[in-house]
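As a plain string of letters, each chain reads:
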Amino acid sequence: LSLRRRDTMGDGPACEGHSHTEAAEQWKLKGNSLFQQKHYHAAEEAYDAAIQLDPTNAVYYSNRAFTHIKLEEYGSAIIDATQAIQLNPTFAKAHYRRGTAYAALGKFRQGLKDFKKCTQLVPNDADAKRKVKECEKEARRIEFEEAIAMDEEKSVVEEIHLESFVVEPDYDGPHLTLPITFEFIKEMIEHFRQMKRLHKKYAYMILLEIRNLFDTFSSVIDVTIPSSNKFTVCGDIHGQFYDLLNIFERNGFPSDENPYLFNGDFVDRGSFSVEVIFTFFALKLFTPHGLHLLRGNHEAKRMNLMFGFQGEVKSKYSEMMFNLFSEVFCRLPLGAVINEKVLVVHGGIPGTDSVTLDDLRKIDRVREPPEEGPMSDILWSDPQKGPGRGPSKRGVGLTFGPDVTHQFLARNNLKLLVRSHEMKDEGYE
């Protein structure tokens, strides 16, 4: 942290010759600059310094709340935005940011109150009005689902009839016949490079095939890699299609001889999540043992609503296709054990000491992630420097110390835990 701070923050504003208020404002400006450069951890430190110098300025708390949102620390974002609102009840940005954090946690009723307050304070804010409609829709959906309390939700698969989709004569993209081939994948990728879409018939074919494949997996899969092979684990892609292609260009495409594991958060945030996910699913169908895919916390409806994937799929295809994506995401494995010694999960390990790998294998994963419990911990938790466990800044999951990690590894005869879920300035640590 100290090295990162020296590299990205410099020495920062000095207090000598300046009032605390002036110095605090300089720290805020420094934080804003770092935020724009996407140095979110350093920006958070700058806002910390501003608040220490002037704890009465609502803007500093609101800006830090926005940084927490970017880092998916929604619990901390709610605390900071609430403090900003207490200092300035008419601060629309603080209400908007608290509403965003509530909605990201699936607390749409609480988020709705803040977004409505935004529309009262800034009547012409079109984005706040859109958020009001989204939260109202999600709150009604949740209430409806709770009211009907169905034992088994009807699958959208029953509504999809591939024979009804006609490939138009002017469609100039790749044509899919099963089983999928690498030639098709290369043509599809080139089609995506040209900002063109895969025909909806072929898109549905891929989704239906991958849904069936994931249905055969357990919640934790076992991966065996020959000692002569390298094995590449990659963290969050978040819709960055051209970054994904750069990985393949530098490191080779997935194959039995060049296996990969992508550790969740394939979608949201980036503008090409559809292209990323179809590339992943097509490659998985082509080389089932050369590419392994695990679920992240963003492979979930509520995250897709707030961070862009739902809107992207509806824009490029349809609501029905998004619903099918949601069913597929619920079937993604939650973890992988490599050569019986390395556990890979997106977030962290469960919050109780007695949990074993066999317990994780038995998790009923075919559902939207719950707010608490082992499945939530696997997708959301983060490590902490100190021993023991603590509350998470994200508002979901928890934090776990090195001692907790070592005990879990020893109890399950493992040597290493690999996880993603956090931005690292150097790419990994």
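Attention here is on the structure that accompanies the text.

To continue, consider the environment of serine 155. Its location among the elements puts serine 155 in the loop between helix H8 (126-148) and helix H9 (182-193). Residues serine 155 and glutamate 327 lie 172 residues apart in sequence; the distance between their C-alpha atoms is 7.9 Å. Excluding its chain neighbours within four sequence positions, the residues that come into contact with serine 155 are Arg211 and Glu327. A polar side-chain atom of serine 155 sits 3.4 Å from a polar atom in the side chain of arginine 211. Of note is the side chain of serine 155, whose polar atom sits 2.8 Å from the side chain of glutamate 327.

Moving on: the sheet that holds strand E6 (residues 342-345). Strands pair in a sheet through their backbones, by hydrogen bonds, and they do so in one of two ways: parallel or antiparallel. If you trace the four strands from one edge of the open sheet to the other, you get E1-E5-E6-E10, paired in mixed fashion. The outermost strands of the open sheet, each flanked by one partner alone, are strand E1 (220-223) and strand E10 (416-418). Put simply, the sheet's adjacent strands are angled 20 degrees from each other on average, direction ignored. The pairing of E1 with strand E5 (residues 335-338) spans four bridges and is parallel. Bridge pairing in E5 links valine 220 to glycine 335.

Moving on to the side chain of lysine 316. For lysine 316, the position within the fold is in helix H14 (residues 309-316). Looking at lysine 316, the relative accessible area reads 17%, which means it is buried. Within the local environment of lysine 316, its side chain forms a polar contact with the side chain of glutamate 275, the two groups lying 3.0 Å apart. A distance of 2.8 Å separates polar atoms of two side chains, one belonging to lysine 316 and the other to glutamate 312. Ignoring any residue separated from it by four or fewer positions in sequence, one finds lysine 316 in contact with Arg197, Ser271, Phe272, Val274 and Glu275.

Any two side chains of opposite charge can pair, given that their charged atoms come close. Summed over the entire model, instances satisfying the criterion amount to 27 salt bridges. Where glutamate 134 meets arginine 130, a salt bridge forms, and the shortest distance between an N and an O atom there is 2.7 Å. Taken together, the positions of glutamate 134 and arginine 130, both in helix H8 and four residues apart, correspond to about one turn of that helix. On the basis of relative accessibility, which here comes to 18%, the residue glutamate 134 falls in the buried class. The closest approach of N and O atoms between aspartate 215 and arginine 331, which form a salt bridge, is 2.9 Å.

Enumeration over the complete set of coordinates arrives at 26 aromatic pairs. Pairing phenylalanine 248 with tyrosine 260 gives two aromatic rings, centres 5.5 Å apart and planes at 85 degrees, and the pair type is edge-to-face. One end of the pair, phenylalanine 248, is in helix H11 (residues 241-251); the other, tyrosine 260, is in strand E3 (residues 260-262), and twelve residues separate them in sequence. With centroids separated by 6.1 Å and ring planes inclined at 75 degrees, the aromatic side chains of phenylalanine 278 and tyrosine 317 adopt a geometry described as edge-to-face. Note that phenylalanine 278 is positioned in helix H12 (residues 273-286) and tyrosine 317 in the loop between H14 and helix H15 (319-329), a separation of 39 residues in sequence. The class of tyrosine 317 is buried, set by a relative accessible area of 17%. Through pairs of rings, three or more aromatic residues link up here, namely Phe182, Phe248, Phe253, Tyr260, Phe262, Phe266, Phe280 and Phe286.

On E5, burial covers both faces: Gly335 and Val337 on one face and Ala336 and Ile338 on the other are all buried. Sheet topology places E5 next to E6; four bridges connect them, and they run antiparallel. When the bridges of E6 are listed, alanine 336 appears paired with valine 344. Between E5 and E6, which pair antiparallel and follow one another directly, the connecting turn spans three residues, one of which, asparagine 339, has a positive phi of 50 degrees.

The three strands lie next to each other as E7-E9-E8, forming an open sheet whose pairing is mixed. The open sheet has two free edges, formed respectively by strand E7 (382-383) and strand E8 (389-391), since each of these has just one partner strand.

Turning our eyes to something else, we now look at the packing of helix H3 (residues 40-53) against helix H4 (residues 58-70). Relative orientation and spacing of two packed helices are given, respectively, by the angle between their axes and the distance between those axes. Interaxial distance between H3 and H4 falls to 9 Å at its minimum, and their mutual angle equals 160 degrees. If you check the angle between H3 and H4, you find them roughly antiparallel. H4 is crossed by H3, and the crossing has left-handed handedness. Across the interface between the two elements, Tyr40, Ala43, Glu44, Tyr47, Asp48, Ala50 and Ile51 from H3 touch Tyr60, Tyr61, Asn63, Arg64, Thr67, His68 and Lys70 from H4. Looking at the contact of H3 with H4 residue by residue, the classes come out as seven nonpolar, three polar and four charged.

In this model helix H2 (residues 20-36) runs 24 Å from its N-terminal to its C-terminal C-alpha over 17 residues, within 8% of the 24 Å that 1.5 Å per residue would give. Within H2 the residues assigned to the buried category are Ala23, Ala24, Trp27, Lys28, Gly31, Leu34 and Phe35. The arc that holds the buried residues of H2, viewed along the axis, is 145 degrees, so those residues lie on one side. Downstream of H2 by one or two residues, lysine 38 has phi in the positive range, about 70 degrees.

Their axes nearest at 13 Å, the elements H12 and H15 cross at an angle of 50 degrees. One way to sum up the angle between H12 and H15 is to call them oblique. Considering how the two elements wind past one another, H12 and H15 form a crossing that is left-handed. Residues Ile277, Phe278 and Phe281 of H12 pack against Met321, Phe325, Val328 and Phe329 of H15.

Thresholds, definitions, all that
- Residues numbered from 1 in each chain as written.
- Predicted model: local features only at pLDDT ≥ 70, side-chain atom pairs only at ≥ 80, totals over all residues.
- Heavy atoms only, no water.
- Helix = DSSP H or I, 4+ residues; strand = E, 2+ residues; numbered from the N terminus.
- Contact = heavy atoms within 4.5 Å.
- Polar contact = N/O pair within 3.5 Å; in protein donor to acceptor, adjacent residues only side chain to side chain.
- Pairing = 2+ DSSP bridges.
- Axes fitted to C-alpha atoms, helices over the stretch in contact; angles between N-to-C directions.
- Buried < 20%, exposed > 50% of the residue type's maximum accessible area, 1.4 Å probe, protein only.
- Salt bridge = Lys/Arg side-chain N within 4 Å of Asp/Glu carboxyl O.
- Phe/Tyr/Trp six-rings, centres within 6.5 Å; stacked < 30°, edge-to-face > 60°.
- Parallel < 35°, antiparallel > 145°, perpendicular 65-115°, else oblique.
- Left-handed = near helix turned anticlockwise from the far one by under 90°.
- Nonpolar A, V, L, I, M, F, W, Y, C, P; charged D, E, K, R; others polar.
- Expected span 1.5 Å × (residues − 1).
- Arc of directions from axis to C-beta.

Geometric values such as these leave the question of function open.
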